Amino acid sequence: MSARSATVTKSTHPKHAKRRALLAVFASLPFANAMTAPSRPDFQLVERIARRYRVESSAVERVITLAERHFPTDPVLLLAIVGVESSWRPWAVGSLGEVGLCQVRPDMHGASATELADPGINVRVAARVLRGCLKRSNGDLARGVARYNGRGDAAQEYAVRVLEERNRLIAGEA
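Model, not experiment: these values are computed from the prediction. (Residues numbered from 1 in each chain as written. Predicted model: local features only at pLDDT ≥ 70, side-chain atom pairs only at ≥ 80, totals over all residues. Heavy atoms only, no water.)

**Digging into the packing of helix 4 (residues 43–53) against helix 11 (residues 152–171)**
Phase 1 of the analysis: Where helix 4 meets helix 11, the closest approach of the two axes is 9 Å, and the angle between their N-to-C directions is 130°. Judged by the angle between their axes, helix 4 and helix 11 are oblique. Touching Leu-45, Arg-48, Ile-49, Arg-52 and Tyr-53 of helix 4 are Glu-165, Arg-168 and Leu-169, all from helix 11.
Phase 2 of the analysis: Split into classes, the residues belonging to the contact of helix 4 with helix 11 amount to four nonpolar, no polar and four charged. (Axes fitted to C-alpha atoms, helices over the stretch in contact; angles between N-to-C directions. Helix = DSSP H or I, 4+ residues; strand = E, 2+ residues; numbered from the N terminus. Parallel < 35°, antiparallel > 145°, perpendicular 65-115°, else oblique. Contact = heavy atoms within 4.5 Å. Nonpolar A, V, L, I, M, F, W, Y, C, P; charged D, E, K, R; others polar.)

Structural data, given as structure tokens:
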């Protein structure tokens, strides 16, 4: 091996200076955080929902992850809607054409029935609709959830059922 290949010389060429500066920026970035595994949903919540609705735990875990991603302010509220609307059955179809876990209406919310059969799309669209309902009701949970369902006495009863289910999930009741 020659003595020349063992020594490292710093080039003063501008192209090399730019490369070193770029590498220094990359070295300062917190890549360790990017490599950590995503957090897993609460095991007890997953098991309670799986037992209550007789659904596979892995499916519940995926829906909880979707709810946390698309409705981070209160994912348990979205999970309660899933329970009341479809009993955690992604293939559920309502009497007015509502589709999927959150019973979203394709004709009203900009996605086809086929698209809404996908739990990821269904939860994302439902979260967007729920955010809009809560905004129109000035953050009032009961009014926002009722608005998600419609209007009138049936919507008020629906809101009561969803909020009771949410409280059950939070309290750890099966």
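And the narrative resumes.
**Some details on the packing of aromatic side chains**
Phase 1 of the analysis: All chains considered together, the criterion is met by one aromatic pair.
Phase 2 of the analysis: Note on Tyr-53 and Trp-88: the rings are 6.4 Å apart at their centroids and 35° apart in plane angle, and the pair reads as tilted. Taken as a pair, Tyr-53 in helix 4 and Trp-88 in the loop between helix 6 (75–86) and helix 7 (106–109) lie far apart in primary sequence, 35 residues in all. Exposure class is identical for Tyr-53 and Trp-88. Each is buried. (Phe/Tyr/Trp six-rings, centres within 6.5 Å; stacked < 30°, edge-to-face > 60°. Buried < 20%, exposed > 50% of the residue type's maximum accessible area, 1.4 Å probe, protein only.)

**Description of the confidence of the model for the protein**
Phase 1 of the analysis: Mean pLDDT for the protein: 84, with 77% of residues reaching 70 or above.
Phase 2 of the analysis: Across residues 32–37, confidence stays below pLDDT 50; counting only partners more than four residues off in sequence or on other chains, it has zero contacts. (pLDDT = per-residue confidence, 0-100.)

**Some remarks on unusual backbone geometry**
Phase 1 of the analysis: Look at Arg-54: it is not a glycine, yet its phi comes out positive at around 55°.
Phase 2 of the analysis: Relative to the helices and strands, Arg-54 resides in the loop between helix 4 and helix 5 (57–70).
Phase 3 of the analysis: Of note in the backbone geometry, Ser-87 takes a positive phi value of approximately 55° without being a glycine.
Phase 4 of the analysis: Among the structural elements, Ser-87 can be located in the loop between helix 6 and helix 7.

**Considerations on the packing of helix 5 against helix 9 (residues 119–136)**
Phase 1 of the analysis: It is at 9 Å that the axes of helix 5 and helix 9 come closest, and there the two elements cross at 35°. Here the hand of the crossing between helix 5 and helix 9 comes out right-handed. In this structure, helix 5 uses Val-63, Leu-66, Ala-67 and His-70 to contact helix 9, whose residues at the interface are Pro-119, Gly-120, Val-123, Arg-124, Ala-127 and Arg-131. (Left-handed = near helix turned anticlockwise from the far one by under 90°.)

**A closer look at the side chain of Ser-137**
Phase 1 of the analysis: If you trace the backbone, Ser-137 turns up in the loop between helix 9 and helix 10 (141–149).
Phase 2 of the analysis: Classification of Ser-137 as buried rests on a relative accessible area of 1%.
Phase 3 of the analysis: A distance of 3.3 Å separates the side chain of Ser-137 from the backbone nitrogen of Gly-144, its partner in a polar contact.
Phase 4 of the analysis: Sequence-distant contacts of Ser-137, that is, excluding residues within four places in its chain, are made with Arg-143 and Gly-144. (Polar contact = N/O pair within 3.5 Å; in protein donor to acceptor, adjacent residues only side chain to side chain.)

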